[in-house]
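# Structure assessment
Below are the chains, spelled out letter by letter.
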Amino acid sequence: MQNRSHPGKRLFVLLAGLCLAIVCVAGLALAVFWAPDKSVEELTALWAPAPSQFITVNGISVHVRDEGLRDDPAPIVLIHGTSASLHTWEAWVAALKGQHRVISMDIPAFGLTGPRPDADYHSPAYARFMLDLLDTMKVGHFIIGGNSLGGEVAWQVAVAAPQRVERLILVDAGGYAFKPVSMPLGFRLARMQQLSWITEHTLPHHMMEASVRNVYGDPEKVTPALVERYTAMTLRAGNRHALGQRFQQTDPGAQAASIKSIRIPTLIIWGGQDRLIPPENAKRFNEDIAGSKLVMFDKLGHVPHEEDPAATVAAVKEFLK
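What counts, and where the lines are drawn
- Residues numbered from 1 in each chain as written.
- Predicted model: local features only at pLDDT ≥ 70, side-chain atom pairs only at ≥ 80, totals over all residues.
- Heavy atoms only, no water.
- Helix = DSSP H or I, 4+ residues; strand = E, 2+ residues; numbered from the N terminus.
- Buried < 20%, exposed > 50% of the residue type's maximum accessible area, 1.4 Å probe, protein only.
- Contact = heavy atoms within 4.5 Å.
- Areas by Shrake-Rupley, 256 points an atom, 1.4 Å probe, with all protein chains shown as cover.
- Axes fitted to C-alpha atoms, helices over the stretch in contact; angles between N-to-C directions.
- Parallel < 35°, antiparallel > 145°, perpendicular 65-115°, else oblique.
- Left-handed = near helix turned anticlockwise from the far one by under 90°.
- Nonpolar A, V, L, I, M, F, W, Y, C, P; charged D, E, K, R; others polar.
- Core = buried A, V, L, I, M, F, W, Y, C linked by side-chain atoms within 4.5 Å.
- Arc of directions from axis to C-beta.
- Polar contact = N/O pair within 3.5 Å; in protein donor to acceptor, adjacent residues only side chain to side chain.

### Thoughts on the overall build of the protein chain
When its secondary structure is counted, the protein chain shows 13 helices and eight strands. Of all 321 residues assigned to the protein chain, the portion counted as buried reaches 51%. Taking all contacts inside the protein chain whose residues are at least 6 apart in sequence as the whole, residues at least 24 apart take part in 75%. Just so you have it, the protein chain exposes about 15,000 Å², and 58% of that area is on carbon and sulfur atoms.

Shown next as structure tokens:
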């Protein structure tokens with residue numbers, strides 16, 4: 001008598017085998033790409049040498065560098081973007097600190113500063129944080145600049161406290177609603193809440209490298225040392241979880257109406273190859289901020305100050321004359 005298995009049973013066996021295979025592959029991937037958090041103490045020796053210091057602001061230990069002329073009446077304050085750190089400004093600081101006091105910092109959720117206790121990563125909260133930091137440092141008047149998220153924070157500080165801001169520098173800044181041509185892979189994954197456990201405990205090297213290359217106009221300029229730095233800052237305890245929270249709180253364009261109120265001398269620097277915040281946004285800033293100056297670098301990407309610091313800081317020096 002011929003033994004024939006029921007079609008339903010065969011399908012069940014097939015599906016069970018498929019599920020087992022998926023679980024095995026997922027387990028193997030987790031084992032290969034597992035990357036636990038690193039404490040700030042582990043990272044400080046390599047990534048926070050002098051003149052780095054940590055300043056407590058509203059219960060947050062903030063990684064800060066305060067360099068250059070101590071008697072400068074209006075220091076230059078530089079704010080990095082999403083998933084970056086104060087290290088992104090090192091070449092600009094080196095070029096400016098001979099004539100100015102230059103203050104850079106890791107803003108909450110990023111770099112060695114890490115998460116906020118209240119997990120508030122809305123842009124206005126960042127602007128309040130910046131003013132609180134500068135108050136703590138007893139800095140009254142200042143020139144403020146920022147890249148991407150940092151640029152959005154910079155102009156919001158200018159709106160909130162125009163009497164304190166001497167000049168404004170926007171580098172591929174956020175502010176308007178926009179549609180990316182391409183978004184770094186790490187950002188895309190961090191926005192998916194259903195993948196949060198995986199993205200907070202793994203960090204494939206190729207993903208980090210691809211994400212950094214994505215924001216450069218010339219990806220060949222991305223070095224292993226650069227990828228190592230971005231990786232180290234991402235692994236800082238709590239940063240990956242905070243990044244997901246930041247994306248859930250992001251509302252591009254929510255404060256854009258106030259940009260037209262800015263009456264401060266403003267320099268707009270933009271990379272013509274920016275695929276995250278397209279160059280059309282540079283023109284909007286230029287139109288909305290009366291008297292602003294726009295300098296476009298056709299071959300550079302979303303982080304032009306990092307990709308070609310010499311060319312971009314030359315535009316800043318000219319603006320500051």
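### Description of the packing of helix α4 (residues 123–136) against helix α5 (residues 149–160)
Orientation of α4 relative to α5, taken along the N-to-C sense of each, is 70°, at an axis distance of 8 Å. When the axis of α4 is compared with that of α5, the two are roughly perpendicular. Crossing of α4 against α5: the hand is right-handed. Contact with α4, carried on its side by Ser123, Pro124, Tyr126, Ala127, Met130 and Leu131, involves Leu149, Glu152, Val153, Gln156, Val157 and Ala160 of α5 and no other residues of that element. Taken together, the residues of the contact of α4 with α5 sort by class into nine nonpolar, two polar and one charged.

### What about the nonpolar core?
Met105, Met130 and Phe285 are the most contacted members of the largest nonpolar core, which has 53 residues in total. No other element matches the seven residues that α4 contributes to this core. Among residues more than four places away in sequence, those in contact with Phe285 are Trp155, Leu170, Ala173, Gly174, Gly175, Tyr176, Ile259, Ile268, Trp270 and Ser292. The next biggest cluster of nonpolar side chains, apart from the first, holds 20 residues, and it includes Leu78, Val295, Ala315 and Phe319.

### Notes on helix α8 (residues 205–214)
All of the buried residues along α8 are Met207, Met208, Ser211, Val212 and Asn214. In a view along the axis of α8, the buried residues occupy a sector of 160°, so they form one face of it. The secondary structure elements touched by the buried residues of α8 are α6 (185–190) and α9 (224–235).

### Structural notes on the side chain of His302
Within the fold, His302 resides in the loop between β8 (293–297) and α12 (304–307). At 2.8 Å, the side chain of His302 and the side chain of Ser148 are in polar contact.

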